[in-house]
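Now for the letters of each chain:
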Amino acid sequence: MQEGVMELLWKNAHLYGGNLSYVEQLYETYLMDPSAIPQEWREEFDRLPKVGEALSQDVPHSPVREHFLYIAKNSKRAQPAAVSSVSSEHEKKQVRVLRMINAFRVRGHQVANIDPLGMRQTEDVPDLDPRFHELSEADFDTKFQLGSLFFGPEEAPLKEILADLKQTYCSTVGAEYMHIVDTQEKRWIQSRLEPSRAHPQVEIEKKKMILERLTAAEGLEKYLGSRYAGAKRFGLEGGESLIVSLNTLIQRAGKQGTKEVVIGMAHRGRLNTLVNIFGKNPTDLFDEFEGKKLVDTSGDVKYHQGFSSNVMTPGGEVHIAMAFNPSHLEIVAPVVEGSVRARQDRRDDDLGGSVVPVNIHGDQAFCGQGVVLETFQMSQTRAYKTGGTIHLVVNNQVGFTTSKKEDSRSTEYATDVAKMIQAPIFHVNGDDPEAVRFVTQLAVDYRNEFKKDVVIDLFCYRRRGHNEADEPSGTQPLMYAQIKKQKTTRDLYAQQLIEQGVVTAEESKEMEKEYRRLLENGEHVVKSLVNQPNQELFVDWKPYLGHQWTFDCPETKVDFKLLQELGSKICETPEGFSVQRQVQKIIDDRKRMAAGAMELNWGMAESLAYASILAQGHPVRITGQDVGRGTFSHRHAVLHDQKTAETYIPLSNLSAEQPEMTIYDSFLSEEAVLAFEYGYSTTTPNALVIWEAQFGDFANGAQVVIDQFITSGEHKWQRLCGLTMLLPHGFEGQGPEHSSARLERYLQLCAEHNIQVCTPTTPAQIFHLLRRQVVRPLRKPLVIMSPKSLLRHKQAVSSLEELADGMFQPVIAETDNLDPKKVKRLVLCGGKVYYDLYNRRAELEKDDVAIVRIEQLYPFPEDQLAEAIKEYSNLESVAWCQEEPMNQGAWYSMQHHMRKVIHAYNPVLNLEGIARPASAAPAVGYISVHVEQQEKLVNEAING
């Protein structure tokens, strides 16, 4: 509320006593939507000075008071108001008190005692000084009305109001929420903060629980520090209240009916969380410290490992899962969101109450990593919303060695980025574990109430260096001089409870001894752990485990009549639905394709793949920046009514019993969106999950996801994933950024049958490839270099019979009527260049050149290639032809596979590579140069 306008408003609002809160809410509503309040109030507010108009103390108030008094007496919606004769001076001071109250709500957090080290540099906030509002000690005993404060009485002495405001907004909790636009949300937060002054009374048993959790958090770090001195563990020392917060969060969420909690976090405190929250057996952790090989893969360092278990809460059993993640800081956040959305979809939970995402961040990473912004941006979108995320920032006040605010960020707090989605932010002093518990309860309740993100900024410190082998005082001498003197959070709280008579010193010591005894015996230390978990709470991956790679997959065949039925079904639109003219032409053509009157193009074959997968009971999810229509207008899975703009998805209306067909155009993100879909696919093994890039090279922006999760997640963490990536790829003269999907990068990452990389060239191939991905139980990521020009190429067509009776061919042998004994030159290729080669050969009438397509580059089909060329008994030369520059594409990564097959056929034959000249850029930007290069490589391939 503008200060000047607010002053005038409150100078008159006193006339109807108890209505102060009502008037304030009316005015805030008026600012957002004047039509939402009664006309008489709207007229009154219209008379107030507008923003920017000067307001001085000598503005005559009598006319305004008379108007307000009239409205107060006559408005049907106004509550009864008592008119009191108050001196003009008291009236002015009343307004100043209300302005001061507002100042504490807005800026109290800036001077709050939230830094346990006491080193936080706070700016001078004059608004919080009564003198700024022309109030003095002489007014301290004067009673003033509290307006919209939830402090209890309607009026109180100024000194009490001031003390309560400081306790609520300036002590160990600093609440930032006045940036929220929605008045209901702000009032809800005030109703939770103000009655208890942000420090509610805590029951004795809960105090003991807090001490027990702190004992566990500190006890594990002490034990590991003595047993594995100097070993990296990224300990939680200084931030032990995180364990209190997480325990509170899970128990509170469970009480509210949550069935699953999925947590993502980086290194700091991860081992402590796994043992003290998830119930990981300490013996297993000790084995990891001692370097024992526990899995038959490459494995990963202990502070990247995930875990899952079930714990008991007041609301029943809850499954908790820790996401696996690499060292790339915040990249796990959207992975968690995807996993949560998949779990919610499995439960048919549109609101998100059954599964709660929790992302634990480091302060410097939270404000420094762009994927945080991307993840926030997706939080309320249709494709990616999860009903709100609870963000826990473990604020060590230092990132590696960077601690100065002017070096680490350009904002006041590390958490300011959360304001972009108007998330409330609760800064809390980690050395006040009761306050930590309170704000955690508040955060869980807010998320449950409003289904939006909320942030807990846990101000703490890092007792040791970035890792335990680091010496931090070399770069932070003053901070670590203070830390050396700082008592631990547990010591401080234990002393507090001893002084309160809650526990004795002996009981406190016994608690420490008992925890250490459990560790030394290798026993679980989580009392709420469920030893025989309810398996219905989590996804069953057993049917997908233990399958070996095979090229043979006849299950992709589909009954011919069913294909025709599905083809007809996906061409239906509701009665009266007005389809755009060019789109109607596509639909009409598809009807003819379904009837067998036309050969199938790419879009029809792809749609039939989805329809047949849905018909077999598998959900389908497709996201990307243009997936509804398709970047190149080939898909049109989502139809738009030209008169009403309503949408219709034929694939969602195949039958009443079909599984979910989810297709959404995404916001302009690659990194967070691809990470989300990875998380989704690792949690939904029975679904076909697809991310499509607008252009294949746009996946560059998601390279961390590709490197650290998609291609290596199975080998590091034994996490299976069936994600499919459609990456439009092909050299059509569109310049460096719209030609290459960087095929070479994926091939460089290929090993140990980790992923599949394919370059399909016919509609039948994409049909069987997509079906193969889901109908067989093997789960491996699939990277498809999908075409652009082939989507409408007259030669890139297939018959319904090829869909019904065929299967994916990793190698397509020469099908023309060539005499194999006449063939002297063999050209191997992949992708759209095949059609250029085929047509050039026809133009030149060359009958001694065979062209063989390798449609799957990895795992490489050596046996299938050998079978395709075995009849060519008189070969004199063999070439691999690619459109990409010689230093890119498949040449360097795949030539050894091709040579192996060729040398087995004929040891003296050499394999030559034909490509564009080696280049730093993927493609040229001049169409004339593009055409010249294409002509040259095609001619060289055919003629030798």
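Only a predicted model underlies this, so the values are computations on that prediction, with no experimental measurement involved.

On a plain count of helices and strands, the protein chain comes out with 32 helices and 24 strands. For the protein chain, buried positions account for 59% of its 944 residues. Look at the contacts in the protein chain between residues 6 or more apart in sequence, and 80% of them connect residues 24 or more apart. Total accessible area computed for the protein chain in this model is approximately 38300 Å², and 48% of it derives from carbon and sulfur atoms.

All right, on to the sheet that holds strand β24 (residues 911-916) then. Strands sit in the order β19-β21-β20-β23-β24 across an open sheet of five strands; the sheet is mixed. A single partner strand is all that each edge strand has here, and the edge strands are β19 (811-812) and β24. Pairing between strand β20 (residues 825-829) and strand β23 (residues 877-885): five bridges, direction parallel. Looking at the pairing, L828 lines up with W880 of β23. Sitting on the sheet, helix α31 (residues 891-905) touches β20, β21 (849-854), β23 and β24, and the angle it makes with β24 is about 150°. Contacting β20, β21, β23 and β24, helix α32 (residues 927-943) runs over the sheet at an angle of about 165° to β24.

Its location among the elements puts M322 in strand β6 (residues 316-322). Among the residues examined, M322 registers a relative accessible area of 3% and is labelled buried. Considering only alpha carbons, one finds M322 and F278, 44 residues apart in sequence, at a separation of 8.3 Å.

Turning our eyes to something else, we now look at the packing of helix α8 (residues 204-227) against helix α19 (residues 505-520). It is the contact of α8 with α19, at a shortest axis distance of 9 Å, that shows an interaxial angle of 50°. Of the possible angle classes, the one that applies to α8 and α19 is oblique. α19 is crossed by α8, and the crossing has right-handed handedness. Two secondary-structure elements touch here, α8 through K208, L211, E212, T215, A216, E218, G219, L220, K222, Y223 and S226 and α19 through M511, E512, Y515, R516, L519 and E520. For the contact of α8 with α19, a count of residues per class yields seven nonpolar, three polar and seven charged.

Here we take up the side chain of T440. By the secondary structure assignment, T440 is in helix α16 (residues 433-450). A polar atom in the side chain of T440 sits 2.7 Å from the backbone oxygen of V436.

With respect to the secondary-structure elements, S712 resides in the loop between α24 (703-710) and α25 (713-717). Each C-alpha atom, one on S712 and one on N754, is 7.1 Å from the other, the two residues being 42 residues apart in sequence.

Counted according to the given criterion, the structure contains 45 salt bridges. For R96, the salt bridge identified is with E89, shortest N-O distance 3.9 Å. R197 serves as the salt-bridge partner of D164, at 3.2 Å between the closest nitrogen and oxygen. Of this pair, D164 sits in helix α6 (residues 158-169) while R197 sits in the loop between α7 (183-193) and α8; the two residues are 33 residues apart in sequence, bridging distant segments of the chain. Classification of D164 by relative accessible area gives partly exposed; the value is 21%.

All chains considered together, the criterion is met by nine cavities of 30 Å³ or more. What lines the largest cavity is a set of 21 residues, and nearest its centre among them are H729, T759, G830, G831 and E884. Listed by contribution, the elements that provide at least two residues to the lining of the largest cavity are β18 (782-786) and β23. At five residues, β23 tops the list of elements feeding residues into the lining of the largest cavity. Taken together, the residues of the lining of the largest cavity break down into eleven nonpolar, seven polar and three charged.

On to a negative patch on the surface. A contiguous patch of negative charge on the surface is contributed by E599, E801, E802 and D805. Examined against the element boundaries, E802 turns out to sit in helix α28 (residues 800-805).

With that settled, consider α7. Judged by how many residues are buried, α7 sits mostly within the fold: eight of eleven residues are covered. By the burial criterion, the buried members of α7 are T183, E185, K186, R187, W188, I189, Q190 and L193. For α7, the side-chain oxygen to backbone nitrogen distance between the N-cap and Q184 is 2.8 Å, and the N-cap itself is D182.

Looking now at the pairing of strand β7 (residues 355-362). Burial analysis of β7 places seven of its eight residues in the buried class, the great majority of the element. Of the pairings in the sheet, the one linking strand β4 (residues 260-265) to β7 comprises six bridges and is parallel in character. Along β7, the bridge assignment pairs V261 with V356. Inspection of the sheet shows β7 paired to strand β8 (residues 390-395) by five bridges, in the parallel sense. Residue pairing across strands places H361 opposite V393, the latter belonging to β8.

With that settled, consider the packing of aromatic side chains. Applying the stated criterion to the full structure yields 17 aromatic pairs. Measuring from ring centre to ring centre gives 5.1 Å for Y834 and Y835, while their planes differ by 75°; the resulting arrangement is edge-to-face. For the residue pair Y834 and Y835, the accessibility class agrees, reading buried in each case. In this structure, R197 is placed above the aromatic ring of F151, and the distance from its NZ or CZ to the ring centre is 4.2 Å. Lying across the ring of Y680, R621 places its NZ or CZ 4.7 Å from the centre.

What counts, and at which threshold
- Sequence order as written defines the numbering, with residues in each chain counted from 1.
- Residues qualify for local features only when their pLDDT is at least 70, as the model is predicted, and side-chain atom pairs are given and counted only at 80 or more; totals for whole chains, interfaces and linings, by contrast, use all residues.
- As a rule here, side-chain values cover all heavy atoms of the structure and leave hydrogens and water aside.
- Secondary structure elements follow DSSP: runs of H or I no shorter than four residues count as helices, runs of E no shorter than two count as strands, and numbering proceeds from the N terminus.
- The buried label applies to any residue whose accessible area, calculated with a 1.4 Å probe on protein chains only, is under 20% of its type's maximum; exposed applies above 50%, and partly exposed to all values in between.
- Note on definitions: a residue-residue contact is assigned when non-hydrogen atoms from the two residues lie within 4.5 Å.
- Using a 1.4 Å probe, accessible areas were evaluated by the Shrake-Rupley method; residue-level cover was limited to the displayed protein chains.
- When DSSP finds at least two bridges between two strands, those strands are taken to pair.
- Lines are fitted to the C-alpha atoms to define the axes, a helix being fitted only along its stretch in contact, and any angle between axes, read from their N-to-C directions, falls within 0 to 180 degrees.
- If an angle is under 35 degrees, it is roughly parallel; if it is over 145, roughly antiparallel; if it lies from 65 to 115, roughly perpendicular; otherwise it is oblique.
- Here a crossing is taken to be left-handed if its near helix is turned anticlockwise relative to the far helix by less than a right angle, and right-handed if that turn runs clockwise.
- Under this grouping Gly is polar, as are all residues other than the nonpolar Ala, Val, Leu, Ile, Met, Phe, Trp, Tyr, Cys and Pro and the charged Asp, Glu, Lys and Arg.
- Counted as a polar contact is a pair of N or O atoms within 3.5 Å, where, for protein atoms, one must be capable of donating a hydrogen and the other of accepting one, and residues adjacent in sequence contribute only when both atoms are in side chains.
- Each salt bridge in this description consists of a side-chain nitrogen of Lys or Arg and a carboxyl oxygen of Asp or Glu lying within 4 Å of one another.
- Both site types are read off a 1 Å grid over the protein atoms alone. A 1.4 Å probe that fits but cannot get out defines a cavity, while an open set with protein on both sides within 12 Å along at least five of seven lines defines a pocket; lining residues have an atom within 4 Å of a point.
- Grid points are joined across faces, edges and corners, and a volume is the space filled by probe spheres set on the points.
- Like-charged residues are merged into a patch within 9 Å and nonpolar side chains (Val, Leu, Ile, Met, Phe, Trp, Tyr) within 5 Å, provided each residue has over 30% relative accessible area and no salt bridge.
- Only four residue types enter the tally: Lys and Arg on the positive side, Asp and Glu on the negative side; His and the chain ends are excluded.
- To locate a charge, the coordinates of NZ of Lys, CZ of Arg, CG of Asp or CD of Glu are taken.
- Between rings of Phe, Tyr and Trp, where Trp is taken as its six-membered ring, a pair exists when centres lie within 6.5 Å; planes separated by under 30 degrees are stacked, by over 60 edge-to-face, and by other angles tilted.
- Distance and angle both matter: a charge sits over a ring if NZ of Lys or CZ of Arg is within 6 Å of the ring centre and within 35 degrees of the ring normal.

Keep in mind that these numbers describe shape and distance, not what the molecule does.
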